[in-house]
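An overview of the molecular structure
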Amino acid sequence: MLGPNGSVFMPSVLTLIGIPGLESVQCWIGIPFCVMYLMAVIGNTLILVIIKYENSLHSPMYILLAMLGATDIALSTCILPKMLGIFWFHLMEISFEACLLQMWLLHSFQGIESGVLLAMALDRYVAICNPLRHASIFSQKLLTHIGVGVTLRAAILGAPCLVLIKYRLKFYRTTVVSHSYCEHMAIVKLAIEDIRINKIYGLFVAFTILGFDIIFITLSYIQIFITVFQLPQKEARFKAFNTCIAHICVFLQFYLLGFFSFFTHRFGSHIPPYVHILLSNLYLLVPPFLNPIVYGVKTKQIRDHVLTIFVCSKHLNH
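Treat the numbers as computed from the prediction; the structure is a model and nothing was measured.

**Some points on the UniProt feature "transmembrane region" (unreviewed entry) in the protein chain**
Here the UniProt-annotated "transmembrane region" (unreviewed entry) positions come out as residues 28–51, 63–89, 101–122, 142–165, 200–228, 240–262 and 274–295. Across residues 28–51, helical content stands at 100% and strand content at 0%; the span's end C-alpha atoms are separated by 36 Å. The distance separating the terminal C-alpha atoms of residues 63–89 is 39 Å; by composition the span is 100% helix and 0% strand.

**A closer look at the sheet that holds strand S2 (residues 13–16)**
The strand order across the open sheet formed by three strands is S3-S2-S5, and the pairing between neighbours is mixed. The open sheet has two edge strands, strand S3 (93–95) and strand S5 (176–177), and neither has a second partner. Pairing of S2 with S3, which is carried by three bridges, proceeds in the antiparallel orientation. Bridge pairing links Thr 15 to Glu 93 in S3. Packed onto the sheet, helix H3 (residues 96–129) meets S2 and S3 and runs at close to 85° relative to S3.

**Quick look at the state of the cysteines**
The term disulfide refers to a covalent linkage connecting the sulfur atoms of a pair of cysteines. Tallied over the full model, the rule gives one disulfide. Between Cys 99 and Cys 182 runs a disulfide, and the two sulfur atoms are separated by 1.9 Å. Since a negative S-S torsion denotes a left-handed disulfide, the Cys 99-Cys 182 link at about -110° is left-handed. On the criterion of sequence distance, the pair formed by Cys 99 in helix H3 and Cys 182 in the loop between S5 and helix H6 (184–188) is long-range, its members being 83 residues apart. As far as the burial class goes, Cys 99 and Cys 182 line up, both buried. As a non-bridged cysteine, Cys 129 has Cys 244 as the owner of its nearest cysteine sulfur, 8.7 Å distant. Its sulfur unpaired, Cys 249 is 11 Å from the next cysteine sulfur, which belongs to Cys 244.

Cut-offs used in this document
Residues numbered from 1 in each chain as written. Predicted model: local features only at pLDDT ≥ 70, side-chain atom pairs only at ≥ 80, totals over all residues. Heavy atoms only, no water. UniProt positions renumbered as here; feature names shortened; annotations may be inferred. Helix = DSSP H or I, 4+ residues; strand = E, 2+ residues; numbered from the N terminus. Pairing = 2+ DSSP bridges. Contact = heavy atoms within 4.5 Å. Axes fitted to C-alpha atoms, helices over the stretch in contact; angles between N-to-C directions. Disulfide = S-S within 2.5 Å. Buried < 20%, exposed > 50% of the residue type's maximum accessible area, 1.4 Å probe, protein only.

Structure below.
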């Protein structure tokens, strides 16, 4: 239904164009994206299976790693199938409600991942700085509360974004979304009405979740490094530091890509749109793809179990 000045009143369908400016090569871009997605799903599923069936890995660190793996699978599955549909089969249309649902799920899983990374940093902090109390503090009950808490925090804080778009913004200058998935600001910018409240609330959620988490993760690692460098034996220092390397790599890739993507969308008007969209896509695909590789390489117990699986399958084939 048309509104004033050729605007569209409450559109029922939106069109996702993929990567603006790179439409002619999207079919090729889809190939590495698909490979990364498949590797992410296989790698994280493998880690989940190993942790589930290996009793020695039922400790807080590995249970949190399983939470991270499950979140990574959900996060990449939220966007990749539809994105490949756009790139390969030109399936660009998406209903307005489905677009809002994708946006909410996407931002919820991002918030959950951030919360799990914070829990992992606190787990390492207690394990290294207060090892005698680690088992009593990080109990099964606390891990359940952490899982429920980070999920509810992300889902509840993200829900008003849906309401603010659905019930505040009625008129849209276009139904064409210059993005490869339904991102909050990409939808909001289509409206011809005042979007300041939507922008402010979006920033509030980002800083409440990501800002809060990054501050406490940073403080945890500062305290960890202080404790590690005070250890008398060089071997003990190396062992303690080595348990944190994988966490630091995962933490840096998630937040650096995330903040770069977040700020270029809001303040990088001079940056070509395709650069921003590619970065946004990589932000959602690279962590799920790299996390199982980083933990598989750096965590001896997981590495040993992966090798055992492949050795056993090799013997069975022979």
